[in-house]
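# Per-entry structural report
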Amino acid sequence: MRKLPTICPSCNSRLKVKRLLCENCGTELEGVYELPALASLPAADQEFVLQFVKVSGSLKEMAKLLGLSYPTVRNRLDDVINRINELEKNRNNSTRKEEQNESGNSD
Amino acid sequence: MNQEIAIDKGAGKLQLGQWMFNPFQFIAGGKALFMGVVFILVTSILGSISNTHFDGVLDVHSGLAAPAWFFVAEGLIDWLSLAVVLALFGLLLRQLSFRMIDIFGTQALARWPHIITAIVALTPGYQRYSVYIANKVLKTGPAVTIYDTDILFFALGIIVLLCMAIWMVVLMYKAYSVSCNLKGAKAIFSFIAGLIIAEILSKLGIWWLFTTYVKPT
């Protein structure tokens, strides 16, 4: 499967989903959809989160799996948490801007 | 499998550079604490043989005879001074919690280059010349006969000693950075401040121990 692009190659802004397709019946949906926070993370972080869930959220097990020390794995997790917080903050800011623009246009 | 995870797994294998300058990516917690304390004890025992004192977080001095327990106490004071100060800085600066065993363990392990210093201090040429200098400066002890090559051994020893001290500081910083997940200017400046405070604390502690129990004044 091809890698899902999350960042615009032209201006580096976050991409949104415009079209969705049902492979079964061919129905297409068009609109502006936000990517979920986890899907917006870099692929490496997504893989890390996936592995972390698979080991029931045990940092010790993750450390064993990756052959790294406990604080190194915990730091990696903290970095992922920070990136998710940053994404959510940016998303909230852009939603607020959109709402302001919409209310400005309606006025 | 994802590429970065594959790289992480590869990092688990022996990579000399990472093992030399940031072994804490792979070792921390109880294992690092055990290894570090063993290294500190071995360093202290070697130091007691050659009368090499690790009398401060970064200090190495030769000369004065003292009971073996004092050399062990010096090593423990050096380690604990820095670990306690950096743990406090970590608590102040870090947003999320960290394990105390990681900072104490990795700081103990970071002192391992001192074993090499202690071994270098055991070489006869280095030992003779350092005793010669100590006796001359302190104006005590019997006259020591030195050989022409002793100064060469001493000079080489000093170079090794400096390299080990630099290496140890790098390891101490990495240990702090990994244990508390601190990076950038915040990590560097707090580490430097911690090192200075710990150096003063360790000097005071060792001086108190020396004047109270070893050589009362």
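In case you missed it, the structure is sitting above this.
Residues numbered from 1 in each chain as written. Chains lettered and ligands numbered in written order. Predicted model: local features only at pLDDT ≥ 70, side-chain atom pairs only at ≥ 80, totals over all residues. Heavy atoms only, no water.

## Description of helix H6 (residues 113–120) of chain B
Residue and element names in this part refer to chain B. Most of H6 sits inside the fold, with six of its eight residues counted as buried. Residues of H6 that are buried include every one of Pro113, His114, Ile115, Thr117, Ala118 and Val120, and no others. Those residues of H6 that are buried lie in contact with helix H3 (29–50), helix H7 (124–138) and helix H8 (150–180). (Buried < 20%, exposed > 50% of the residue type's maximum accessible area, 1.4 Å probe, protein only. Helix = DSSP H or I, 4+ residues; strand = E, 2+ residues; numbered from the N terminus. Contact = heavy atoms within 4.5 Å.)

## Some points on the interface of chain A and chain B
Of the residues lining the interface, 19 residues belong to chain A; the matching set on chain B comes to 24 residues. Carbon and sulfur atoms make up 52% of the area that chain A and chain B hide from each other, which totals about 1,700 Å². Its largest share of buried area at the contact with chain B, chain A owes to Leu66(A), Leu68(A) and Arg74(A), together 25% of the area lost on that side. Asp102(B) is the salt-bridge partner of Arg74(A), the closest N and O atoms lying 4.0 Å from each other. Where the side of chain A that touches chain B is concerned, the elements lending two or more residues are helix H2 (43–54), helix H3 (59–66) and helix H4 (70–106) of chain A. For the side of chain A that touches chain B, the per-class residue count stands at eight nonpolar, five polar and six charged. (Buried area = accessible area lost by both parts, 1.4 Å probe. Salt bridge = Lys/Arg side-chain N within 4 Å of Asp/Glu carboxyl O. Nonpolar A, V, L, I, M, F, W, Y, C, P; charged D, E, K, R; others polar.)

## Here we look at the packing of aromatic side chains
This model, assessed by the stated rule, comprises 16 aromatic pairs over all chains. Taken together, Trp69(B), Phe70(B), Trp207(B), Trp208(B), Phe210(B) and Tyr213(B) form an aromatic cluster joined through their ring pairs. The ring of Tyr70(A) carries Arg99(B) above its face, with NZ or CZ at 3.7 Å from the centroid. (Phe/Tyr/Trp six-rings, centres within 6.5 Å; stacked < 30°, edge-to-face > 60°. Lys NZ or Arg CZ within 6 Å of the ring centre and 35° of its normal.)

## Overview of the pairing of strand E2 (residues 28–33) of chain A
All names here are of chain A. Bridging between strand E1 (residues 17–21) and E2 involves four bridges; their strand directions are antiparallel. Note on E2: the bridge partner recorded for Val17 is Tyr33. Linking two consecutive strands that pair antiparallel, namely E1 and E2, is a turn of six residues; a positive phi of about 85 degrees is found at Gly26 within it. (Pairing = 2+ DSSP bridges.)

## Regarding unusual backbone geometry
The phi angle at Asn12(A) is positive, at roughly 70 degrees, despite the residue not being glycine. Checked against the element boundaries, Asn12(A) lands in the segment before E1. Judged by relative accessible area, Asn12(A) falls into the exposed class, the value being 60%. In this model, Asn181(B) sits at a positive phi of 50 degrees, which is unusual for a non-glycine residue.

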